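If you want the building blocks of each chain, they are given just below.
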Amino acid sequence: MGNPFVHLDLTTGDVAAAKAFYGAIFDWKFEDFPAMNWTGIRVGEGVGGGLGPKQMPEQPTTWTAYVGVDSIDKTLAKASTAGATIIVPKMEVPGMGWLAVFADPQGATVGLWESAPPAPAPAKKAAAKAPAKKAAPAKKAAPAKKAPPAKKAPPAKKAPPAKKAPAKKAGKKK
């Protein structure tokens, strides 16, 4: 299947006014990320987004649609070859992924989004009683042990002494 739109972002000169305006119209929840100077928009179902201030005074107030891609580097190379102008080169969003923005030959902008690989799932915790043990280094195989000697059967009861047969003398046969 093709690459879906995965995010919408509003760049504006007045973030507070944009939040008030869209909050009054839509049932959106806003989540501020001060370290990023950006606000996430939680829309419930569907494609979410965010809003933030203009990066340059001449930047227009506009919505940018982001398309999900496997590789921003490869997609930017294809877009550039096809005549696009790179507006925002690949930029990391720590812990989330990477974004970039280009303008097509007619001037329309589109964003790219490459998600970071999911973090490995935390290992299930063993019983809280004992800390996890480190795996012991592999040991060389020990030489095979000999099986213990078989147990001897208990001695049989002594039979009464048998009568002795007369001893034969060694000699020549007749």
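The preceding data block contains the structure.
Reference entry: report on the structure contained in this document. These numbers were taken from a predicted model, which means no experiment stands behind them. (Residues numbered from 1 in each chain as written. Predicted model: local features only at pLDDT ≥ 70, side-chain atom pairs only at ≥ 80, totals over all residues. Heavy atoms only, no water.)

Quick look at the pairing of strand β8 (residues 109-115)
- In terms of burial, β8 is a largely internal element, five of the seven residues being buried.
- Two strands pair when backbone bridges link them, and strand β5 (residues 62-68) and β8 are joined in this way by three bridges, in the parallel orientation. Each residue of the ladder has a partner; that of V67, found in β8, is L112.
- Where strand β7 (residues 97-103) meets β8, seven bridges bridge the pair, whose relative direction is antiparallel. Residue pairing for β8: L99 is matched across the bridge by W113.
- Hairpin connection of β7 to β8: five residues between the antiparallel strands, including G107 at a positive phi of 105°. (Buried < 20%, exposed > 50% of the residue type's maximum accessible area, 1.4 Å probe, protein only. Helix = DSSP H or I, 4+ residues; strand = E, 2+ residues; numbered from the N terminus. Pairing = 2+ DSSP bridges.)

Some points on a nonpolar patch on the surface
- There is a patch of nonpolar side chains on the surface, built from L8, V47 and W63 and spanning about 230 Å² of accessible area.
- With respect to the element layout, W63 can be found in strand β5.
- Its relative accessible area of 33% is what places W63 among the partly exposed residues. (Patch = residues over 30% accessible without salt bridge, like charges linked within 9 Å, V, L, I, M, F, W, Y side chains within 5 Å. Areas by Shrake-Rupley, 256 points an atom, 1.4 Å probe, with all protein chains shown as cover. Salt bridge = Lys/Arg side-chain N within 4 Å of Asp/Glu carboxyl O.)

Topic: the sheet that holds strand β1 (residues 5-12)
- Strand order across the open sheet formed by eight strands is β2-β3-β4-β1-β5-β8-β7-β6, with mixed pairing between neighbours. The open sheet has two edge strands, β2 (29-33) and β6 (85-93), and neither has a second partner. The mean inter-strand angle of the sheet, taken between neighbouring strand axes irrespective of direction, is 25°.
- Summarising the sheet, β2 and strand β3 (residues 38-42) pair through five bridges and their orientation is antiparallel. Along β3, the bridge assignment pairs D32 with T39. (Axes fitted to C-alpha atoms, helices over the stretch in contact; angles between N-to-C directions.)

Points about the pattern of salt bridges
- One pass over the structure, following the stated rule, counts four salt bridges.
- In this structure, D27 engages K29 in a salt bridge whose closest nitrogen and oxygen atoms are separated by 3.1 Å.
- When the shortest N-O distance is used, the salt bridge between D73 and K90 registers 3.2 Å. Residue D73 is found in helix α2 (residues 72-81), and its partner K90 is found in strand β6; the two are separated by 17 residues along the sequence.
- The exposure class of D73 is partly exposed, given its relative accessible area of 46%.
- Looking at K90, the relative accessible area reads 35%, which means it is partly exposed.

Side note on the environment of G95
- Tracing the chain through its elements places G95 in the loop between β6 and β7.
- For G95, a relative accessible area of 76% gives the class exposed.
- It is 7.0 Å that separates the C-alpha atoms of G95 and A116, two residues lying 21 residues apart in sequence.

Here's the deal with unusual backbone geometry
- Positioned with a positive phi, N37 is a non-glycine residue whose angle comes to about 55°.
- Summarising the element assignment, N37 is placed in the loop between β2 and β3.

Some details on the packing of aromatic side chains
- Here the structure, examined in full by the defined rule, presents seven aromatic pairs.
- On the basis of an interplanar angle of 85° and a centroid distance of 4.9 Å, the ring pair of F21 and Y22 is categorised as edge-to-face.
- Its relative accessible area of 48% is what places F21 among the partly exposed residues.
- Between F26 and W28, the ring centres sit 4.8 Å apart and the planes meet at 25°, which makes this aromatic pair stacked.
- Judged by its relative accessible area of 39%, F26 is partly exposed.
- Taken together, the ring pairs connect F21, Y22, F26, W28 and W63 into an aromatic cluster.
- The ring of W98 is capped by K90, whose NZ or CZ atom sits 5.4 Å from the centre of that ring. (Phe/Tyr/Trp six-rings, centres within 6.5 Å; stacked < 30°, edge-to-face > 60°. Lys NZ or Arg CZ within 6 Å of the ring centre and 35° of its normal.)

Just distances and angles here, no functional claims.
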